Amino acid sequence: MLCIGYMIQIYGLYYKEGGYILTKKVLAVSLALLMSLLNMGTFTNVEAREKEVLPVEENVQYTPPQEETPAEEASAEEVPAEAVEVTYEEQEVNKRVIDPTKPMVALTFDDGPSKYTAEILKVLKENNSVATFFVLGSEVNKYKDVLNQVIAEGNEIGNHSYNHKNLKTITDEELYKQVQGTDDLVYIASGYTPKVMRPPYGISDAELNKKINKPIVKWSIDTLDWKNRDTDKVVAAVLNDVKDGDIVLMHDLYDSTAQAAKIIIPKLVEQGYQLVTVSEMSEYRDVTLTQGQQYYSMYK
Ligand SMILES: [Zn+2]
């Protein structure tokens, strides 16, 4: 605006002097103004460039935020970490706290999964308890969802052969298929590998146990549920004899057993027993589960 004022003054002089007389002074001022205008233009351009550059500078200035971005990423990483923590806490809510000084019992269910397994899972969960399910490879794909539920709810899966043959009567090749084949089927269906094995009918000897090459889990209480198919008898078989460290044999293959489980499980909990998996009991009883060795109970 100042420049325009000078320009008017210059032209004013120009006209006053008759249009032709421009003093050296006026010429000098005009030149100076012209230079100023050019400079201003130049400055304007610089400013424009600076403005153009600014975003770059802003970008540079963003660098600290960008440097903070990793921090934000770190905090973003913390978010899943917190989410994991929340999940963990949620699991903690459901997680059983096992007191090694208190009595514990391992309930085991053989020959499933079956249509009755879910009923047993329900009562276990309601009582914040778990058990070990010795499954048959032949049933795994039929009850894949139940198998996964068994695992998801903290229970243990044991290997009970593929189709319940007396393992003492078969070839080594067939034995391998019965045991490894079942492990593979369970793994494919669930991603879980059974750690322990129970031979069908509980029939095995030292030589066979060695060939099976897994810890062999037998039992200290036999409910004979497969034979009596009687809920009351199954309940009595457990409650009349149970003691700390027992491994109880049942089968999740019968309705009478599922009904018995509904009575046995809350009753044992009420009596102060912690219902644990075979592997948990071995851990809390300092029993090292060894391949080829067999276990009937884990008394103190
Ligand atoms: Zn069996």
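Relevant structure appears above.
Everything numeric in this text was worked out from a predicted model, so none of it was measured.

Rules used in this analysis
Residues numbered from 1 in each chain as written. Predicted model: local features only at pLDDT ≥ 70, side-chain atom pairs only at ≥ 80, totals over all residues. Heavy atoms only, no water. Salt bridge = Lys/Arg side-chain N within 4 Å of Asp/Glu carboxyl O. Helix = DSSP H or I, 4+ residues; strand = E, 2+ residues; numbered from the N terminus. Buried < 20%, exposed > 50% of the residue type's maximum accessible area, 1.4 Å probe, protein only. Arc of directions from axis to C-beta. Contact = heavy atoms within 4.5 Å. Donors = N, O, S within 2.8 Å, 3.2 Å for Na, K, Ca; no water. Core = buried A, V, L, I, M, F, W, Y, C linked by side-chain atoms within 4.5 Å. Axes fitted to C-alpha atoms, helices over the stretch in contact; angles between N-to-C directions. Parallel < 35°, antiparallel > 145°, perpendicular 65-115°, else oblique. Nonpolar A, V, L, I, M, F, W, Y, C, P; charged D, E, K, R; others polar.

(A) Structural context of the pattern of salt bridges. In total, this model carries 14 salt bridges according to the counting rule given. Ionic pairing is found between R96 and E280, a salt bridge with its closest N-O pair at 2.6 Å. Taken as a pair, R96 in the loop between α2 (24-94) and β1 (104-112) and E280 in helix α11 (residues 278-284) lie far apart in primary sequence, 184 residues in all. You can call R96 buried: its relative accessible area is 18%. For E280, a relative accessible area of 15% puts it in the buried group. Of the charged contacts in the structure, one is a salt bridge between E126 and K122, with a shortest N-O distance of 2.9 Å. In this pair, E126 and K122 both sit in helix α3 (residues 117-126), 4 residues apart, roughly one turn of the helix. A residue is classified by how much of its surface remains accessible, and K122, at 53% relative accessible area, is exposed. Through salt bridges with shared partners, one network takes in D172, E207 and K211.

(B) Structural view of α3. Listed as buried for α3 are T117, I120, L121, V123 and L124. Buried positions in α3, seen along its axis, are confined to an arc of 170° and lie on one side of it. Away from the buried face of α3 by more than 90 degrees, exposed residues K122, K125 and E126 are located. Where α3 is buried, its residues meet β1, β2 (132-135), α5 (144-152) and α10 (255-270). Positive backbone phi, approximately 50°, marks N128, located one or two places after α3.

(C) Layout of the coordination of the zinc ion. Each protein donor to the zinc ion is listed here as D111 (OD), H160 (NE2) and H164 (NE2); together their distances run 2.0 to 2.1 Å. Sequence spacing of the donors to the zinc ion: D-x48-H-x3-H. With a gap of 49 residues between them, D111 in strand β1 and H160 in the loop between β3 (156-159) and α6 (172-190) connect regions that are remote in the sequence. For the pair D111 and H160, a shared accessibility class is recorded, and that class is buried.

(D) How the structure looks around the nonpolar core. Membership of the largest hydrophobic core comes to 33 residues, with the highest contact counts inside it found for L107, F109, F133, I264 and L268. Those elements that provide at least two residues to this core are β1, α3, β2, α5, α6, α9 (231-239), β6 (247-251) and α10. Looking at which element gives the most residues to this core, the answer is α10, with 6 residues. Discounting chain neighbours no more than four positions away, the residues touching L107 are A131, T132, V248, M250, I265, L268, L275 and V276. Residues F134, I247, L289 and M298 belong to the second largest nonpolar core, which totals 13 residues.

(E) Structural view of the packing of α5 against α6. Two elements in contact, α5 and α6, have axes separated by 9 Å at closest approach and are oriented at 85°. Of the possible angle classes, the one that applies to α5 and α6 is roughly perpendicular. Taken together, the residues of α6 that come into contact with α5 (itself represented by K144, L147, N148 and I151) are V186, A189 and S190. Classifying every residue of the contact of α5 with α6 gives 4 nonpolar, 2 polar and 1 charged.

Interpretation in functional terms is not warranted from these geometric data alone.
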